[in-house]
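Observations on the three-dimensional arrangement
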Amino acid sequence: MMRRREHKVSYLSSEAIFAIPAMKPSKVILSLLICAFLMLSDVYYESSSKIRGYAQDLFMPLGALVNVPVDLIASLPDSFRTRSQLKLSLEQAELENKKLKVINQFLEKVSKENEELNSLWSSARLNFDNYSFARKRSISSNEFQPTLIVDIGRKSDAGINDVLLSPSGLVGKLISLGLYSAEIMVLHDVRSSIPIITEKSKLHGNVRGSGTGRAGNIEYIKKTASYELGEKVYTSGIAGIFPVGIFVGEITSIEDLADSEFLKVEVSFLQSPFNQDFYLIYKNE
Amino acid sequence: MSRELKNQLLILLTLFIALYIDSYLFSSDFQILKPTFVLLTLIYWNMALPDRIGIMAALAFGIFVDLIEGSLLGLHGALFVLITYVCQRFFYQFRVSPLWQQSFILFFLFALYKQVFALDFANANQDITNLSDISFLFSSFLFALFSALIWPPLYLILRYYRRRWVKS
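As the structure is a prediction and not an experimental result, all values here were calculated from the model.

1. A short note on the interface of chain A and chain B
Counting residues at the interface gives 50 residues for chain A and 52 residues for chain B. Taken over both partners, the interface formed by chain A and chain B buries close to 4500 Å², and the fraction arising from carbon and sulfur atoms is 65%. One can count 8 residue pairs in polar contact (both at pLDDT 80 or more) joining chain A with chain B. Every element with two or more residues in the side of chain A that touches chain B is listed here: helix 1 (25-45), helix 2 (48-58), helix 3 (60-79), strand 3 (131-139) and strand 10 (216-222) of chain A. For the side of chain A that touches chain B, the element with the highest residue contribution is helix 1 of chain A, accounting for 11 residues. Partitioned by chemical class, the residues of the side of chain A that touches chain B number 24 nonpolar, 12 polar and 14 charged.

2. A short note on unusual backbone geometry
All names here are of chain A. Positive phi, normally seen in glycine, also occurs at Asn161, with a value near 75 degrees. Relative to the assigned elements, Asn161 resides in the loop between strand 4 (147-151) and strand 5 (163-166). A positive phi angle is found at Lys202, which is not glycine, with a value near 55 degrees. Relative to the elements of secondary structure, Lys202 occurs in the loop between strand 8 (193-198) and strand 9 (204-208). On the accessibility criterion, Lys202 (53% relative accessible area) is exposed.

3. Some thoughts on the packing of helix 5 (residues 75-89) of chain B against helix 7 (residues 99-116) of chain B
Residue and element names in this part refer to chain B. At a closest axis distance of 11 Å, the pairing of helix 5 and helix 7 adopts a crossing angle of 155 degrees. With respect to helix 7, the element helix 5 is oriented roughly antiparallel. Our pair here, helix 5 against helix 7, has a crossing hand that is right-handed. The segment helix 5 lies against helix 7, with Leu75, His76, Leu79, Phe80 and Ile83 engaging Leu109, Tyr113 and Val116. Grouping the constituent residues of the contact of helix 5 with helix 7 by class yields 7 nonpolar, 1 polar and no charged.

4. Quick notes on the state of the cysteines
Under the counting rule described, the total for this entry stands at 0 disulfides over all chains. Between B:Cys87, a free cysteine, and A:Cys35, which holds the nearest cysteine sulfur, the sulfur-to-sulfur gap is 16 Å.

5. What about the pairing of strand 9 of chain A?
Residue and element names in this part refer to chain A. Here 5 bridges tie strand 8 to strand 9, and the two strands are oriented antiparallel to one another. Bridge pairing links Ser193 to Arg208 in strand 9. The loop that links strand 8 with its antiparallel partner strand 9 comprises 5 residues; one of these, Lys202, has a positive phi angle of about 55 degrees. When strand 9 meets strand 10, the two strands line up antiparallel, connected through 2 bridges. Bridging from a neighbouring strand, Arg208 pairs with Asn217 of strand 10.

6. Some points on the side chain of A:Asp189
Residue and element names in this part refer to chain A. Checked against the element boundaries, Asp189 lands in the loop between strand 7 (181-186) and strand 8. At 2.7 Å, the side chain of Asp189 forms a polar contact with the side chain of Arg191. With residues near it in sequence (within four places) discarded, Asp189 still touches Phe144, Gln145, Pro146 and Gly209.

7. Considering a nonpolar patch on the surface
Residue and element names in this part refer to chain B. Taken together, Phe138, Phe141, Leu145 and Leu149 make up a surface patch of nonpolar side chains, about 400 Å² in accessible area. Relative to the helices and strands, Phe141 resides in helix 8 (residues 134-164). By relative accessible area, Phe141 is classed as partly exposed at 41%.

8. Focus on the pattern of salt bridges
Residue and element names in this part refer to chain A. Under the defined criterion, the tally for this structure stands at 12 salt bridges over all chains. Residues Arg52 and Glu183 are paired through a salt bridge, measuring 3.6 Å at the closest nitrogen-oxygen approach. Taken together, the residues Arg52 in helix 2 and Glu183 in strand 7 connect sequence positions 131 residues apart. By sharing partners, the salt bridges in this structure join Asp42, Arg52 and Glu183 into a single network.

9. A few points about the confidence of the model for chain B
Of all residues in chain B, 90% have pLDDT values of 70 or greater, and the mean over the chain is 86. For this predicted complex, the interface confidence score (ipTM) comes to 0.87, while the overall pTM stands at 0.75.

10. Here's the deal with the sheet that holds strand 10 of chain A
Taken together, 6 strands build a closed barrel; the order of strands is 8-9-10-13-12-11 (chain A) and the barrel is antiparallel. Each adjacent strand pair in this sheet contributes to an overall mean axis angle of 40 degrees, direction not counted.

11. Focus: the domain arrangement of chain A
Here the domain parsing of chain A yields domain 1 (49-80), domain 2 (84-122) and domain 3 (130-285). Computed over C-alpha atoms, the centres of domain 2 of chain A and domain 3 of chain A are 34 Å apart.

What counts and how
- Residues numbered from 1 in each chain as written.
- Chains lettered and ligands numbered in written order.
- Predicted model: local features only at pLDDT ≥ 70, side-chain atom pairs only at ≥ 80, totals over all residues.
- Heavy atoms only, no water.
- Contact = heavy atoms within 4.5 Å.
- Buried area = accessible area lost by both parts, 1.4 Å probe.
- Polar contact = N/O pair within 3.5 Å; in protein donor to acceptor, adjacent residues only side chain to side chain.
- Helix = DSSP H or I, 4+ residues; strand = E, 2+ residues; numbered from the N terminus.
- Nonpolar A, V, L, I, M, F, W, Y, C, P; charged D, E, K, R; others polar.
- Buried < 20%, exposed > 50% of the residue type's maximum accessible area, 1.4 Å probe, protein only.
- Axes fitted to C-alpha atoms, helices over the stretch in contact; angles between N-to-C directions.
- Parallel < 35°, antiparallel > 145°, perpendicular 65-115°, else oblique.
- Left-handed = near helix turned anticlockwise from the far one by under 90°.
- Disulfide = S-S within 2.5 Å.
- Pairing = 2+ DSSP bridges.
- Patch = residues over 30% accessible without salt bridge, like charges linked within 9 Å, V, L, I, M, F, W, Y side chains within 5 Å.
- Areas by Shrake-Rupley, 256 points an atom, 1.4 Å probe, with all protein chains shown as cover.
- Salt bridge = Lys/Arg side-chain N within 4 Å of Asp/Glu carboxyl O.
- pLDDT = per-residue confidence, 0-100.
- Domains from an automatic or database assignment.

Right, here's the structure in full:
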């Protein structure tokens, strides 16, 4: 049976004209107005930050599905192995296990020595209750606003503006929170601004991101400032969001541009959000 | 289940599969260049069955992509709606062209599409003029090229799917 909207009737011959009607411009305009409203509310009131975390929770099954083909491919060779081959690989694994146990014995000795030093260090500046683990789920392909999505535990007490750390230093800060997911604004994001202090010259400033794969910039630096190339940059703790003394990057270029009243100081972030699977969330006190 | 509803669900299924591919985490270099499969799939359905896919689907999937990508809420939505409208307006001309011509048109469309993401809507960083950024232009070019290259195989797969499953 033919649907009513699949044809028009000619005024001249009363014959059916088979044509698909074009989309109504009013619908397009209405949709664009909805989008404009969403964009403006996001720009001025950051409305999306309240729902993004929960939306990521909804998309979590999609994230789990993403790993299915990889796991299947990884387990495929095992399906074609004979029992004797599996037995052989089990024996090899047992041997490896024995080796690891021996190595562990040596490591225990070393770790006991380290423990003393660690406890001294940790008591000085860290409270381990403030840390929780996070696992990378995905990262957006947006070059200028790369957003990292991490899985957090259901009982995690992470909050907005908590800091994401990796062994190499600062990764970013938490901007949206769901039940199981959190969205992180990484250092490379053009919206990101981090109060810093330099290692040698002890000068304060703000590092602004410039997008994935690009060096950040220290903003509004007077031309008389004496930065050094290769100088390391750490968080200064000003504004109270980022804790003091976390590694941010290294100064890679200092330019005195004739048409600018400020120095152009570039900081390369050594931490790429892509190269890490696990992170620590630091709950700032 | 009515045939109409079944067709709608089958079309939505392809869009969800595309969303699934889009949310896949590729290596860092490819992550920026990977084509937006949802948009390519949306373009296909707009071209093949324009009366079966509406503006609401474009808007909804645009907002889904915004939420997954962490971009400004409504930005992908607006782009998807505009591209859907253009595709529906010109689908008669577009679908009779050979595949290489379609890819060529999509190359320019995707190159333009990528430029929108260089705009600093939130006025976050006044010092950056992204459109004059050579590396961004280069990555936009590669993104558009990948999208154009992926179009013929995707077109053939979706055409097979449509002929096999989506009955009119």
